[in-house]
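What follows is the residue order along each chain.
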Amino acid sequence: MNNDILKTLYSKEDIQDACRRLGQQITSDYKGKKPIVIGVLKGAIFFMTDVVREMDVYIDIDFIDVSSYHGGTASSGSIELVKDVELDVKGRDVIFMEDIIDTGRTLKYLEDLLAERGAKSIKVCTLMDKPEGRVVDAKADYVGLEVPNEFVVGYGLDYKGMYRNLPYVGVLKPEVYSDK
Ligand code: 5GP
Ligand code: MG
Ligand code: MG
């Protein structure tokens, strides 16, 4: 698996530093509150578990799953709700945990969905932001790392379901796209 990587963009240590910084920021912003932290499956689970353990805040945890990519490297444009949250978000402070914001379509969809259900506040914490990919107006409140307009894998991010368990973030060798 490691042999398929052309270059590393962010090391395990870079990611750990980012998670610590975000956890501290969220801790100071949510003093006295009890937000629902919602992980966007599946890409955000590694990031989410690392960040919440850096937070000194009472939280509820939930998960949501949406699909937009359908296995390739380009976003399809339409978002589909695959798995809904279980908790009632009405009147609650919500923090979404995302792996990466690219076009912004997923984020916009999620924010609209929970705003419609009466969430009191909605913030977004993302491991990575790809500002050049933006198609719709969407902005994360907490950003770990910025990435260039390249397709990245690792630390939760996949290509055809693979590479999520890489402990770092990198770019695949071009030949990998034709092989698998
Ligand atoms: P958006 O809706 O902002 O375009 O993208 C949302 C989702 O697309 C992300 O949560 C992620 O699952 C996927 N995505 C966007 N850019 C990348 C990338 O560079 N690599 C991988 N593996 N997934 C990406
Ligand atoms: Mg995602
Ligand atoms: Mg994916």
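Preceding this section is the structure that the text describes.
Rules used in this analysis
Residues numbered from 1 in each chain as written. Chains lettered and ligands numbered in written order. Predicted model: local features only at pLDDT ≥ 70, side-chain atom pairs only at ≥ 80, totals over all residues. Heavy atoms only, no water. Helix = DSSP H or I, 4+ residues; strand = E, 2+ residues; numbered from the N terminus. Rg over C-alpha atoms; globule rule 2.2 N^0.38 Å. Buried < 20%, exposed > 50% of the residue type's maximum accessible area, 1.4 Å probe, protein only. Contact = heavy atoms within 4.5 Å. Areas by Shrake-Rupley, 256 points an atom, 1.4 Å probe, with all protein chains shown as cover. Lys, Arg positive; Asp, Glu negative; His and termini not counted. Charge placed at Lys NZ, Arg CZ, Asp CG, Glu CD. Donors = N, O, S within 2.8 Å, 3.2 Å for Na, K, Ca; no water. Near = heavy atom within 4 Å. Polar contact = N/O pair within 3.5 Å; in protein donor to acceptor, adjacent residues only side chain to side chain. Salt bridge = Lys/Arg side-chain N within 4 Å of Asp/Glu carboxyl O.

Caption draft 1: Structural view of the overall build of the protein. Looking only at helices and strands, one finds four helices and nine strands in the protein. Against the compact-globule benchmark of 16 Å for 180 residues, the protein has a radius of gyration of 16 Å, which places it among compact chains. A principal-axis box enclosing the C-alpha atoms of the protein has dimensions of 50 × 35 × 25 Å. Residues classed as buried in the protein amount to 46% of the 180 residues present. Sequence-distant contacts in the protein: of pairs separated by 6 or more residues, those separated by 24 or more amount to 67%. With an accessible surface of roughly 9,000 Å², the protein has 48% of that area assigned to carbon and sulfur atoms. Charge separation in the protein, taken as the distance between the mean sites of 24 positive and 31 negative side-chain charges, equals 2 Å.

Caption draft 2: Molecular detail of the coordination of the magnesium ion (ligand 2). In the first shell of the magnesium ion (ligand 2), the protein supplies Glu98 (OE) and Asp99 (OD), at 2.5 Å from the metal. When its relative accessible area of 5% is taken as the criterion, glutamate 98 is described as buried. Owing to a relative accessible area of 13%, aspartate 99 belongs among the buried residues under this scheme.

Caption draft 3: Structural context of the site of ligand 1. What surrounds ligand 1 is a group of 16 residues, the closest being Asp99, Thr103, Thr106, Val152 and Asp158. At 2.6 Å from an oxygen atom of ligand 1 is found a side-chain nitrogen or oxygen belonging to aspartate 99. Interatomic distance of 2.8 Å between a backbone N/O atom of aspartate 102 and an oxygen atom of ligand 1. Secondary-structure elements contributing two or more residues to the shell around ligand 1 are strand E5 (93-101) and helix H3 (105-116). The biggest single contributor to the shell around ligand 1 is E5, with four residues.

Caption draft 4: Here's a closer look at unusual backbone geometry. For the bond running from leucine 41 to lysine 42, omega is -10°, close enough to zero to count as cis. By the element assignment, lysine 42 lies in the loop between strand E2 (36-41) and helix H2 (45-52). With a phi close to 50°, tyrosine 155 is a non-glycine residue in the positive phi region. Here tyrosine 155 shows up in the loop between strand E8 (152-153) and strand E9 (169-172). Judged by relative accessible area, tyrosine 155 falls into the buried class, the value being 8%.

Caption draft 5: Spotlight on the pattern of salt bridges. Applying the stated criterion across every chain yields a total of 11 salt bridges. Arginine 92 is the partner of aspartate 60 in a salt bridge, and the nearest nitrogen-oxygen pair spans 2.7 Å. With a gap of 32 residues between them, aspartate 60 in strand E3 (residues 60-67) and arginine 92 in the loop between strand E4 (80-83) and E5 connect regions that are remote in the sequence. Connected via shared salt-bridge partners are Lys34, Asp60 and Arg92.

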